[in-house]
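# Analysis of the macromolecular model
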6 protein chains.
Amino acid sequence: MYDVVAFGEGLVRLSPAHFQRLEQAGRVDLHIGGAELNVAVGVSRLGLRTAWVSKLPDNPLGRMIRNKAREQGVVTDHICWSEEGRAGLYFLELGATPRPTSVTYDRTGSAFCSLKPGEIDWETILGTAKCLHLTGITPAVSTSAAEATFEALEAARAQSCKVSLDLNYRAKLWDPESAGRTLGAMMPYVDILITTAGDTRTILGLTAADDAELAGVLAERYPCEVVAVTHREGASVWKCRWSGLVRAKGQTVTSKVYEVDIVDQVGRGDAFAAGFLAGYLPAEDIARGLDVGIAFSALKHSMPGDINWCDQRDVDALLAGPAPGVSR
Amino acid sequence: MYDVVAFGEGLVRLSPAHFQRLEQAGRVDLHIGGAELNVAVGVSRLGLRTAWVSKLPDNPLGRMIRNKAREQGVVTDHICWSEEGRAGLYFLELGATPRPTSVTYDRTGSAFCSLKPGEIDWETILGTAKCLHLTGITPAVSTSAAEATFEALEAARAQSCKVSLDLNYRAKLWDPESAGRTLGAMMPYVDILITTAGDTRTILGLTAADDAELAGVLAERYPCEVVAVTHREGASVWKCRWSGLVRAKGQTVTSKVYEVDIVDQVGRGDAFAAGFLAGYLPAEDIARGLDVGIAFSALKHSMPGDINWCDQRDVDALLAGPAPGVSR
Amino acid sequence: MYDVVAFGEGLVRLSPAHFQRLEQAGRVDLHIGGAELNVAVGVSRLGLRTAWVSKLPDNPLGRMIRNKAREQGVVTDHICWSEEGRAGLYFLELGATPRPTSVTYDRTGSAFCSLKPGEIDWETILGTAKCLHLTGITPAVSTSAAEATFEALEAARAQSCKVSLDLNYRAKLWDPESAGRTLGAMMPYVDILITTAGDTRTILGLTAADDAELAGVLAERYPCEVVAVTHREGASVWKCRWSGLVRAKGQTVTSKVYEVDIVDQVGRGDAFAAGFLAGYLPAEDIARGLDVGIAFSALKHSMPGDINWCDQRDVDALLAGPAPGVSR
Amino acid sequence: MYDVVAFGEGLVRLSPAHFQRLEQAGRVDLHIGGAELNVAVGVSRLGLRTAWVSKLPDNPLGRMIRNKAREQGVVTDHICWSEEGRAGLYFLELGATPRPTSVTYDRTGSAFCSLKPGEIDWETILGTAKCLHLTGITPAVSTSAAEATFEALEAARAQSCKVSLDLNYRAKLWDPESAGRTLGAMMPYVDILITTAGDTRTILGLTAADDAELAGVLAERYPCEVVAVTHREGASVWKCRWSGLVRAKGQTVTSKVYEVDIVDQVGRGDAFAAGFLAGYLPAEDIARGLDVGIAFSALKHSMPGDINWCDQRDVDALLAGPAPGVSR
Amino acid sequence: MYDVVAFGEGLVRLSPAHFQRLEQAGRVDLHIGGAELNVAVGVSRLGLRTAWVSKLPDNPLGRMIRNKAREQGVVTDHICWSEEGRAGLYFLELGATPRPTSVTYDRTGSAFCSLKPGEIDWETILGTAKCLHLTGITPAVSTSAAEATFEALEAARAQSCKVSLDLNYRAKLWDPESAGRTLGAMMPYVDILITTAGDTRTILGLTAADDAELAGVLAERYPCEVVAVTHREGASVWKCRWSGLVRAKGQTVTSKVYEVDIVDQVGRGDAFAAGFLAGYLPAEDIARGLDVGIAFSALKHSMPGDINWCDQRDVDALLAGPAPGVSR
Amino acid sequence: MYDVVAFGEGLVRLSPAHFQRLEQAGRVDLHIGGAELNVAVGVSRLGLRTAWVSKLPDNPLGRMIRNKAREQGVVTDHICWSEEGRAGLYFLELGATPRPTSVTYDRTGSAFCSLKPGEIDWETILGTAKCLHLTGITPAVSTSAAEATFEALEAARAQSCKVSLDLNYRAKLWDPESAGRTLGAMMPYVDILITTAGDTRTILGLTAADDAELAGVLAERYPCEVVAVTHREGASVWKCRWSGLVRAKGQTVTSKVYEVDIVDQVGRGDAFAAGFLAGYLPAEDIARGLDVGIAFSALKHSMPGDINWCDQRDVDALLAGPAPGVSR
């Protein structure tokens, strides 16, 4: 029934406008975020049937997160509602060179941290699903969430549902060693691996001359059918060059390189994952997955919030050729 | 050195504008709050030397709370800074009849909750202070905070520093029985008791025919030099009648009754405490304390945020007579 | 599968903040609205399975309307998407006595106006539905929409699906005579009639000594199982007394009268319809329907936008007794 | 060529939103104001040919004031532009009972203060004008502005142009004695006197049992053809009862009394003057002048800023009968 | 009496702030726009006597458009007011590379579309005017508007009033063939032609090696006294290089090239037309026209909205030499 | 007791958001500013004990300035409060290439302008201070302020307190000749000179082949222990290269060059002064002073307002190496 099922924590993001620092802010904008939720939203906007599985507190913030997933067409029927625990938050300060964009997590004690094996009916959810999407963040938030992640992996294997994993290292949640141990144990379950050179080095301890070689090393070492690597170039907070490559069936496909203006880069990796899955899953077309993934994530940089409000029309226009300054 | 030392948790308040509910809000205004902090700010704005003692996380939110206390002239040198724990938050939805204004606390796991005896140098702080102000909230947030409260009470007694207590029952933090046990044990230390009929009934189990009689009962049962009771009348969220009375030395003084338009009623009780202390402490003048307390708290209703941005000028103008529609 | 299916146009509402007039506004807030959509949202928030059937242009505004219905859990799978036509808009200026709140419609040429019989698969949609909700607005927007309305009525009759109708006279869309002719022809299909004394007089030409008598006259003249009449009292734009009554099975039930502060009264009638349906449909309990309807619509006045962001919790709290000023 | 020529200072008004005090504000809304400018705008919105004569600094703020007068159809060709001096400002804090709305003037050193006789070509401007409108504020801002006012009065007399004067006492600009001396000297030139009981007492030292008697006393003592007195009743900052009366040709006409909700009362007196002039001047119809004046000024209370954005349509609707809650 | 008379539709522009997409926006900023109105405003700000001729609905939006033209000193006395039809709107999403800025027109059924020959008294308006400014948009909005355009052209010819035309192709209003047919028929009336290489190719089917050659081809084929071509270089949405050239009397003058940061590029072509006319018309000085045109339009990029809020001072400062970072 | 005492005027800054020009703005953001106040805030945020000495009007704007200095930990006990005079204001329009950021001062008649010798107890304030910080702005605002400046210089000399001076030429306050005469007379008192090539040429009439040579010339001609010169490179309003050098003890140290994105460059020179003093004063370490000064001022460009909300943590992170795009 679902093309993609994403599993992970949903957060409320609070960010002051116009490059203000939190200390000086009199108000903050509210967005929703969370890597897996961002992927679910992106996949849904690109037209696939998508569910997001999570655990939320039954309070206005929890309902806000659920509502805004629903707004995007994501199925939220499988969320566990909890009387205990809080909604995870994160505070974001958008930077300008040389001040980096800065994230202050406030997710301790969240309802999601208390999620444990047995709370989610994976058999039903994954029974007819094509792909389960996970990231390296969920097993980092708590021991029980890590256990629930493995429960999901087992269920996916049992149901012949593909597993997609974005490594997504979070230094504020754990250290490289713990990440490597846990995520290393997850790798045998992974069909589609999405990563960057940095995360691969930090978590798996692997390096290579370039991303293509790195994808080769990963493809060799782990039983993934696809390895995708995204690449950001440039030191400016407001501009970068954005591209990616995919390794599959012994071949490497390299994307176009986009020059992007950065309004808000948070969620670009998630947008890549969403675009890749939406492009790849229907016909297992690697090149299409890469094209859609990089185009969709290049577009993500251009709007505020974690969510990519573009859709297939925008991706197609971008893939069709150079954009004029104004479309009218 | 200090006229008033207030001790308690500082919070960041997040509230959507213009009567929006949280679920529908795209942004929230940031204010600082916390009952004792509100009192400290009020007392400082009314011209007394004031310190606020608390424990904050060393992050942007913790610093924001400290900064905004400092902005008001409150001394913040005695704050404990913590590498652990979060800043307490609360979400506020302003209501309109028949929808009540609603508070969602998000203070679990705050740095303040971890405060325990021995972390604050009460001897130095209270050595030359006239009055220590507490509320019934601090002992409710955690066991160690309750212990730290008793440590402060002992120090105040040792230093011959008066103790002021606002009972302030919070149903979302504890139940009446726990509150009664703990706050009952605090009563022998209290010189100035500030309460309402509702809190007195809930916490201490005492009722009376009216507020005057209640103050008499309290004055009899506990060794307080002053008992002050505030009174709100009317069922509208946007309007009320506001007044108070004080019982001291066997006599009861009753205040004027103000008709008030309610912009934001949060912190009105704290404004009363601040006004009463600022009016009473200099010359132990009960009537002056009551006048300033009720006028200052009536004015509080007229501006957004927990903090009362009025000062002695505004109080004097209000006490001097009816205000014109526009002062120009 | 659906408890309620609502059918009608969705609009984007544009309103300047803080009582500004449009001519002076530099920005406007965006909300979604439309009487039947408002009902669908309310019913969904109160926990029933709800679909909203409409026709929208396939552009950002059309998608915005769909998204925000989805955000509330309303099923939007049956919307017709159109390459032609615009999204209906309406501009709203909130007033203050003696200036009335003012609506400027801008819905001419909307995609919905072009809706005609045959475009919607009523058989499937209503096959397992309990109730179809309509208003007097849909047949007023265009001839083809009126025809489509009768198509829906016939389908409902064929599927033994109840029909609920809110008369909702709109002077800017048609005149009393046309309204009377068209809505009069709809009355034989109606099971649940929702109206006011004013609309009944304008459209059906019926008057009575009071609302109770009026409900009796309506119940006698038309084959409705239920007649509900809401009542607003008071000339202030910012305050009113709000109540209602229901006539069914020969009996009249009268609601409590609420004093309400008005933040935004638009959609209160729709909130009543939603509350009544949510309270009535599960067990055909008239009194419950009336209680929930009037409470839910009284609460509607307290928040900006057409949509009532309250839910069953808020209704239950209001029905349980007087609200305190602050709930914390 | 002009029906009304208004002469006086234009100001930029800076006011924080939502009842904030200036000390707590992070931003302020900008409006233009100034009693005579407000009258000019009102008269123009009500359809008369109107010029506003003033002196402004040739900087962005001066141009903003000119632009916004022009926006309303007011002719600004006779403004003196100055390389010296600043734009007058005023800061406004909107209050809520018991805190009054408060004005902090910042007009010292303005370009207008330096205006002196000889700078304005009154002969041309008033040559074909029906009425020159002045207030008691202009002669208060500087000695040279007072001299320029008398120059204008002489020119009006020479051109047989009526003079309208709103006494408008400003305690922050001068004292009652100076005001009485200067405005007393202006009275012989005045054809249409607009005032309140308070201003009349303060400036002219006259009191009476009620407004009707006061108008009689004024009409007797001074050679005015019309004396108009407005009246505000009620102590709330958010609500009042608003009415007026006019004495002319030995008769007194009394207006309807409006219950008004107050969004922003600043400029209500100016709105009355504008409405009275617009209603009275075309046919010297006293009752029409009073009706339009009181209705137009009652409406003024309902929107933010000094300017009344209503027009003849709104006045006619109000005069036609009770307004519904929503006009749609 | 007028230096420039501009004729065309006025629109209200609605755009979300900070690069948001419409679907995610909770509010939109309001501006006025329309190519010919933008030119009229620019010409007026640069000091020429300017009228704007149009047709508007007599509702708040129509009046808003008129007001804001008036705010800029543009004469609006010749606008036709209509009881029928709506105000044209357009929704704007500001982009960031690689997402283009996107316009969604909502102008169908506007009052202006119904404009037809005979509604405007061209003889009076153009009798003493120097130049009539048109664009290729007006004849695209409706057949009757195209006819009214030819009526204006004939009137200009009869009154010896120059005609200025900006080709301005709008793909969402018509196709190249229709545009070529209609605009081709207008070319014999045109004295001053303003275009870009792209519009020239699309509409007139003409191309050349570069802009200079293109201007030569145009000057040869059509009887224009002046051909001006603007040029944008660079693929970034946030930055471009901006320049232009003019061909007249057999000679080509080339402008300076400006590096510009783009806040909002909408209306830059209109700003060029305004600057060119303001620089050229007084003394028919080609070089001055080009300098002012390119400088004024370079400045346009730097502020939000269609309108260029700069004036001659800003142009002179820019022409005088390199701007410092801060002028103080 | 103080590490740094800064002396100068405090201003309220009013600036429209998002690159709007003042004429088009409907609201302005409020910040505090003033060169010496900015330095005091920066020094305090970097951990030194700091006082700011000034004169302010006793009104809401004066108190706002004081409050916001206090918010940052700056001691404000030595401010003179005045019943006369206004708060100095300045209006700021943020530009985009080729439109420069533009400042409109409105400080005439400020309370600070009336400051004269004898009003400040310099002996007490500087008795135990390490450094008095001045700029070339204070002596420019009025003759009496210039005299008060020399009084402060004499007091610093008497108390063996170092003097730091930032030349800071302001063309809108005086001309080069007056500036040269007054600031030239201050130079013999200066220990730490902070300047730019432009200001040095304008005020002191000195030029050199490059900044290093210029610092040498200055160090030779005047008895300063340190000469610091900052350098901005690039013509874009949104981007620059930022660096500096220091000459002391016959040696020149040159900083790293930072590429910076400019959100708001106002106050960058003040941020350099603050960073230099904070880095240099503790151990008279030139290189540390330069590193901290350039890093702290590079960071200043990244946030709105005159104040640098960074602290030592941000400086250390920047000095430690290249910043990632997002820190999380």
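Reading guide: rules and limits
- Residues numbered from 1 in each chain as written.
- Chains lettered and ligands numbered in written order.
- Predicted model: local features only at pLDDT ≥ 70, side-chain atom pairs only at ≥ 80, totals over all residues.
- Helix = DSSP H or I, 4+ residues; strand = E, 2+ residues; numbered from the N terminus.
- Rg over C-alpha atoms; globule rule 2.2 N^0.38 Å.
- Buried ≥ 20, exposed ≤ 12 C-beta atoms within 10 Å, placed from the backbone.
- Contact = placed C-beta atoms within 7 Å.
- Least-squares fit on C-alpha atoms with pLDDT ≥ 70 in both.
- Pairing = 2+ DSSP bridges.
- Nonpolar A, V, L, I, M, F, W, Y, C, P; charged D, E, K, R; others polar.
- Axes fitted to C-alpha atoms, helices over the stretch in contact; angles between N-to-C directions.
- Parallel < 35°, antiparallel > 145°, perpendicular 65-115°, else oblique.
- Left-handed = near helix turned anticlockwise from the far one by under 90°.
- Arc of directions from axis to C-beta.
- Expected span 1.5 Å × (residues − 1).
- pLDDT = per-residue confidence, 0-100.

### Considerations on the overall build of chain A
Each helix and strand counted, chain A has 11 helices and 16 strands in total. In summary, chain A has a C-alpha radius of gyration of 18 Å against a globular reference of 20 Å for 328 residues, a match within 12%. Across its three principal axes, chain A shows a C-alpha extent of roughly 50 × 50 × 40 Å. Within chain A, the fraction of its 328 residues that count as buried is 65%. Of all intrachain contacts in chain A linking residues separated by at least 6 positions in sequence, the fraction that spans at least 24 positions is 70%.

### Here we look at the relation of the copies chain A and chain F
Taken as rigid bodies, chain A and chain F are interconverted by a rotation of 120° and an axial shift of 0.0 Å, the fit giving an RMSD of 0.0 Å. The superposition of one copy onto the other is thereby described by a three-fold rotation axis. Proximity to the rotation axis, assessed at the C-alpha, singles out His-18 of chain A in chain A; its C-alpha lies 4.9 Å from the axis.

### Some words on the pairing of strand β13 (residues 239–248) of chain A
Residues and elements named next belong to chain A. Taking burial as the measure, the 10 residues of β13 include nine buried ones, the bulk of the element. Of the pairings in the sheet, the one linking strand β12 (residues 226–233) to β13 comprises eight bridges and is antiparallel in character. Counted as the bridge partner of Arg-232 is Trp-242 from β13. From the end of β12 to the start of β13, which pair antiparallel, there are five residues, and Gly-234 there has a positive phi angle of about 115°. Where β13 lies against strand β15 (residues 258–261), four bridges are found, and the strand directions are antiparallel. Across the sheet, Trp-242 pairs through a bridge with Tyr-258, a residue of β15. Where β13 lies against strand β14 (residues 251–254), four bridges are found, and the strand directions are antiparallel. Within the sheet, the bridge partner assigned to Ala-248 lies in β14 and is Gln-251. Taken together, β13 and the strand that follows it, β14, pair antiparallel across an intervening segment of two residues, in which Lys-249 is found at a positive phi of about 45°.

### Looking at the interface of chain B and chain C
Opposite the 24 residues of chain B that make contact, chain C presents 22 residues. Element by element, the count of residues in the side of chain B that touches chain C is highest for strand β8 (residues 101–106) of chain B, at three residues. Its residues assigned to classes, the side of chain B that touches chain C shows nine nonpolar, nine polar and six charged. Pairing geometry for β8 of chain B and strand β16 (residues 326–327) of chain C, over two bridges, is parallel. By the bridge assignment for β16 of chain C, Thr-101 of chain B is matched with Val-326 of chain C.

### Considerations on the sheet that holds β16 of chain C
Across the sheet, which stays open at both edges, the 10 strands sit in the order β16(C)-β8(B)-β7(B)-β2(B)-β3(B)-β3(A)-β2(A)-β7(A)-β8(A)-β16(F) with mixed pairing between neighbours. Strands at the two margins of the open sheet, each flanked by one partner only, are β16 of chain C together with β16 (326–327) of chain F. Taken together, the four bridges between strand β2 (residues 11–15) of chain B and strand β7 (residues 88–93) of chain B define a ladder with parallel strand orientation. Across the sheet, Leu-11 of chain B pairs through a bridge with Gly-88 of chain B, a residue of β7 of chain B.

### Thoughts on the environment of Val-28 of chain C
Relative to the helices and strands, Val-28 of chain C resides in strand β3 (residues 27–33). Spatially, the C-alpha atoms of Val-28 of chain C and Pro-16 of chain C are 4.3 Å apart, while their sequence positions differ by 12 residues. The residues contacting Val-28 of chain C, other than those within four sequence positions of it, are Leu-14, Ser-15 and Pro-16 of chain C together with Arg-27, Val-28 and Leu-30 of chain E.

### Side note on the interface of chain A and chain F
Between chain A and chain F, the residue contacts involve 24 residues of the former and 22 residues of the latter. In the side of chain A that touches chain F, the residues fall into nine nonpolar, nine polar and six charged.

### Overview of unusual backbone geometry
Cis geometry marks the peptide bond from Thr-97 of chain C to Pro-98 of chain C; its omega dihedral reads 10°. Examined against the element boundaries, Pro-98 of chain C turns out to sit in the loop between β7 (88–93) and β8 (101–106). A positive phi angle is found at Glu-284 of chain B, which is not glycine, with a value near 50°. Structurally, Glu-284 of chain B is set in the loop between α9 (268–280) and α10 (286–300). Of note, the phi angle at Lys-249 of chain C is positive, near 50°, even though the residue is not glycine.

### What to know about the pairing of strand β9 (residues 131–135) of chain F
All names here are of chain F. Burial of β9 is extensive: five of the five residues sit out of reach of the surface. Residues Cys-131, His-133 and Thr-135 point to one face of β9 and Leu-132 and Leu-134 to the other, with burial holding for every one of them. By the bridge criterion, three bridges tie strand β1 (residues 4–7) to β9 in an arrangement that is parallel. Bridged to Ala-6 within β9 is His-133. Here β9 runs beside strand β10 (residues 162–166); their pairing, made up of five bridges, is parallel. Its bridge partner being in β10, Cys-131 is matched across the sheet by Lys-162.

### Re the sheet that holds strand β8 (residues 101–106) of chain E
The strand order across the open sheet formed by 10 strands is β16(A)-β8(E)-β7(E)-β2(E)-β3(E)-β3(C)-β2(C)-β7(C)-β8(C)-β16(D), and the pairing between neighbours is mixed. Both edges of this open sheet fall to β16 (326–327) of chain A together with β16 (326–327) of chain D, since each of them pairs with a single strand only. As paired strands, strand β2 (residues 11–15) of chain C and β3 of chain C are joined by five bridges and run antiparallel to one another. Among the inter-strand pairings, Leu-11 of chain C is bridged to a residue of β3 of chain C, identified as Gly-33 of chain C. In the packing of helix α2 (residues 60–71) of chain C onto the sheet, contacts are made with β2 and β3 of chain C together with β7 (88–93) and β8 of chain E, and the angle to β2 of chain C comes to roughly 95°.

### Observations concerning the packing of helix α1 (residues 35–45) of chain F against helix α9 (residues 268–280) of chain F
Describing two packed helices takes the angle between their axes plus the distance from one axis to the other. Residues and elements named next belong to chain F. Put simply, α1 and α9 touch, their axes get as near as 8 Å, and they point 40° apart. By the criterion of interaxial angle, the relationship of α1 to α9 is oblique. At the point where α1 passes α9, the crossing takes the right-handed sense. Residues Ala-35, Asn-38, Val-39, Gly-42 and Val-43 of α1 lie in contact with α9, whose contacting residues are Asp-270, Ala-271, Ala-273, Ala-274, Gly-275, Leu-277 and Ala-278. A per-class count over the contact of α1 with α9 returns eight nonpolar, three polar and one charged.

### A short note on helix α8 (residues 211–221) of chain D
Each turn of an α-helix holds 3.6 residues, which means side chains three or four residues apart point in the same direction. Residues and elements named next belong to chain D. Taken together, the buried positions of α8 are Asp-211, Leu-214, Ala-215, Leu-218 and Ala-219. Around the axis of α8, the buried residues are gathered within 135° of arc, so they sit on the same side. Exposed side of α8, more than 90 degrees from the buried face: Glu-220 and Arg-221 are the residues found there. Tucked into the core, α8 has its buried residues touching β11 (192–196), α7 (197–204), β12 (226–233), β13 (239–248) and β14 (251–254).

### A closer look at the packing of helix α2 (residues 60–71) of chain A against α2 of chain C
It is at 7 Å that the axes of α2 of chain A and α2 of chain C come closest, and there the two elements cross at 140°. One finds that α2 of chain A runs oblique with respect to α2 of chain C. Relative to α2 of chain C, the crossing made by α2 of chain A is right-handed. Between α2 of chain A and α2 of chain C, the residues in contact are Asn-67, Lys-68, Arg-70 and Glu-71 of chain A and Asn-67, Lys-68, Arg-70 and Glu-71 of chain C, respectively. Partitioned by chemical class, the residues of the contact of α2 of chain A with α2 of chain C number no nonpolar, two polar and six charged.

### Looking at the environment of Val-53 of chain B
Residues and elements named next belong to chain B. Within the secondary structure, Val-53 sits in strand β4 (residues 50–53). Judged by local crowding, Val-53 falls into the buried class, with 27 C-beta atoms found within 10 Å. Distance in space between the C-alpha atoms of Val-53 and Glu-36 is 9.1 Å, their sequence separation being 17 residues. Once residues within four sequence positions are removed from consideration, Val-53 is found in contact with Val-5, Phe-7, His-78, Ile-79, Ile-120 and Ile-125.

### Notes on helix α9 (residues 268–280) of chain D
The terminal C-alpha atoms of α9 of chain D lie 18 Å apart, and with 13 residues this matches the ideal 18 Å at 1.5 Å per residue to within 8%. Counted residue by residue, α9 of chain D has 13 buried out of 13 residues, so it is predominantly covered.

### Brief notes about the confidence of the model for chain A
For chain A, the average pLDDT comes to 96, and 99% of its residues sit at 70 or higher. Scored as a complex, the prediction yields pTM 0.97 and ipTM 0.96.

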